[in-house]
Amino acid sequence: MTTFLELLLNGVSMGSVYALVALGFVVIFRATEVVNFAHASLLLAGGYVTASLHDDLGFWPALGVGVAAAAVVGAAVEFLVMRRYRGHDHSVLAIVTIGVDILLTTELTRRLGTDVLTLGDPWGDAVTTVGGVTIAHTRIAAFVAAALLITGFLLVFRYTSWGVAMRAAAESGETAALMGVRLGRVSLGAWAVAGALAAVAALFLTVFPTPGLERATSLAALKAFPAAILGGLDSTTGALVGGLVVGVTESLATGYQSELAFMGRGLGDLAPYLVMTVILLLRPSGLFGTKELARV
């Protein structure tokens, strides 16, 4: 029972981080109806800037710069690349994001080389044990930070003019434009917010018990993609639920790998995609998705 509780708590913690990344997918999709396959490179960019600067600036200022840098990169991608293709088919725009991801990831991995960078977080390898259940301080911090950021985003999304504009654009871009909504500004803000959320997620994906930021860190965004899909790619609530489902599934499958050895190795990496496939077979639009939206 103790093992199960540890795996469950770790899964919820990681799931909240996946929810941050998934929320970035959802924000961009709601604003532009484009699936952003460049999200992994935004995550890697934010983590790289934080890791590069923490020795000189200290952890918190470096994290702030890293979040801002990822937001700027996201906004730059929208303004310099995606805006030039406005009006094209959404499938074409999704392919463009793949090209952007390849360019950014190649440059960032070239800079990283074979190094594994630490982000200088203040939690280190400290753990807390309560009732025989042990959980790392980094996991607690990840859950608290993700909860605060997601709650803050949902409040902004619901009560601010930018949130109203994004919801209007998601319902009908043409109608929103006729009513005075500046779709370019909504799209730019969505890309910036997605980049900032990805940078925060990069922090908690590279702290203890993982060794640090490396070339493969960007692949973590691929684990959040099933979270966005199974929750519903146009649903902010779905991103949260999907992230938790993916995190718990991955944690339990990895923790009980020995009992499931007959299914082969690496089940923890495969399990989120299996869950996504099952849910999509039952609900093609995801748990909270809008049925009439087309998927890429």
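Note: the structure precedes this text.
Residues numbered from 1 in each chain as written. Predicted model: local features only at pLDDT ≥ 70, side-chain atom pairs only at ≥ 80, totals over all residues. Heavy atoms only, no water.

Caption draft 1: Representation of the packing of aromatic side chains in the model. What the rule picks out here adds up to eight aromatic pairs. Here the aromatic rings of phenylalanine 37 and phenylalanine 225 are separated by 5.7 Å at their centres, their planes lie at 45°, and the arrangement is tilted. With phenylalanine 37 in the loop between helix H1 (2-32) and helix H2 (39-57) and phenylalanine 225 in helix H9 (residues 220-231), the pair connects residues that are 188 residues apart, well separated along the chain. Here the basic side chain of arginine 84 rests over the ring of phenylalanine 79, its NZ or CZ set 5.6 Å away from the ring centre. (Phe/Tyr/Trp six-rings, centres within 6.5 Å; stacked < 30°, edge-to-face > 60°. Helix = DSSP H or I, 4+ residues; strand = E, 2+ residues; numbered from the N terminus. Lys NZ or Arg CZ within 6 Å of the ring centre and 35° of its normal.)

Caption draft 2: Seen up close, the side chain of threonine 50. Within the fold, threonine 50 resides in helix H2. Judged by relative accessible area, threonine 50 falls into the buried class, the value being 1%. Among all residues touching threonine 50, those that are not within four sequence positions of it are Ala62, Leu63, Gly66 and Leu119. (Buried < 20%, exposed > 50% of the residue type's maximum accessible area, 1.4 Å probe, protein only. Contact = heavy atoms within 4.5 Å.)

Caption draft 3: Quick peek at the packing of helix H5 (residues 137-159) against helix H6 (residues 161-171). Two elements in contact, H5 and H6, have axes separated by 5 Å at closest approach and are oriented at 75°. Here H5 is positioned roughly perpendicular relative to H6, judged by the angle of their axes. Mapping the contact onto sequence places Phe153, Val156, Phe157, Arg158 and Tyr159 in H5 and Ser161, Trp162, Gly163, Val164, Met166 and Arg167 in H6. (Axes fitted to C-alpha atoms, helices over the stretch in contact; angles between N-to-C directions. Parallel < 35°, antiparallel > 145°, perpendicular 65-115°, else oblique.)

Caption draft 4: Geometry of the pairing of strand S2 (residues 133-136). In the sheet, strand S1 (residues 127-130) pairs with S2 via four bridges, with the strands oriented antiparallel. When the sheet's bridge partners are listed, threonine 128 is paired in S2 with isoleucine 135. Adjacent in sequence and paired antiparallel, S1 and S2 are bridged by two residues, among which glycine 131 carries a positive phi angle near 60°. (Pairing = 2+ DSSP bridges.)

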